[in-house]
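Examining the three-dimensional arrangement
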Amino acid sequence: MTTKRITQRGLWFEEFEVGTTYEHRPGRTVTEADNVLFTTLTMNTQPLHLDAAESEQTGPFHERLVNSMFTLSTLVGLSVAQLTQGTIVANLGFTEIAFPAPVRHGDTIYAETLVVDKRLSSSRPGRVS
């Protein structure tokens, strides 16, 4: 009996369809340890992420918040298995990044990707973006 084998990978240029929304699951619940580790590894000394006593005294949030770069990195990471794993070498760039609300310890982050357009690369013949 032959069994079918499937290796998880991202999508190739031809497989992306404009107008499609990809829901990236499972989500990721952010812990205090995640925040402290990422913040210290990246040498971000902002007390808002590390110092509970100072953060409690400082408005408008009066608590520590998750480092926004951890939030961005996690959102990108949530999409990898479904969109880019093994099919691209690097991200070409990001635009229009906004952080409309703070992420707190214990929050669960979910991500989705909407394909709004696709085009062949003009600067790297043979590559797509």
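Preceding this paragraph is the structure being described.
Side note on the overall build of the protein
The secondary structure content of the protein amounts to 4 helices and 2 strands. For 129 residues, the compact-globule estimate of 2.2 N^0.38 gives 14 Å, and the C-alpha radius of gyration of the protein, at 19 Å, exceeds that figure by more than 25%. For the protein, with 129 residues in total, the buried portion stands at 22%. Here the analysis covers contacts within the protein between residues at least 6 apart in sequence; of these, 74% occur between residues at least 24 apart. In the form shown here, the protein has an accessible surface area of approximately 9,500 Å², with 54% of it arising from carbon and sulfur atoms.

Section: unusual backbone geometry
Looking along the chain, the bond that leaves arginine 25 and enters proline 26 is cis, with omega of 5°. Along the chain, proline 26 turns up in strand S1 (residues 21-29). The omega angle of the peptide bond from glycine 59 to proline 60 is 5°, so this bond is cis rather than trans. Located in the positive-phi region is histidine 62, a residue other than glycine, with phi close to 55°. Here histidine 62 is to be found in the loop between helix H3 (52-57) and helix H4 (68-83).

The rules behind each value
- Residues numbered from 1 in each chain as written.
- Predicted model: local features only at pLDDT ≥ 70, side-chain atom pairs only at ≥ 80, totals over all residues.
- Heavy atoms only, no water.
- Helix = DSSP H or I, 4+ residues; strand = E, 2+ residues; numbered from the N terminus.
- Rg over C-alpha atoms; globule rule 2.2 N^0.38 Å.
- Buried < 20%, exposed > 50% of the residue type's maximum accessible area, 1.4 Å probe, protein only.
- Contact = heavy atoms within 4.5 Å.
- Areas by Shrake-Rupley, 256 points an atom, 1.4 Å probe, with all protein chains shown as cover.

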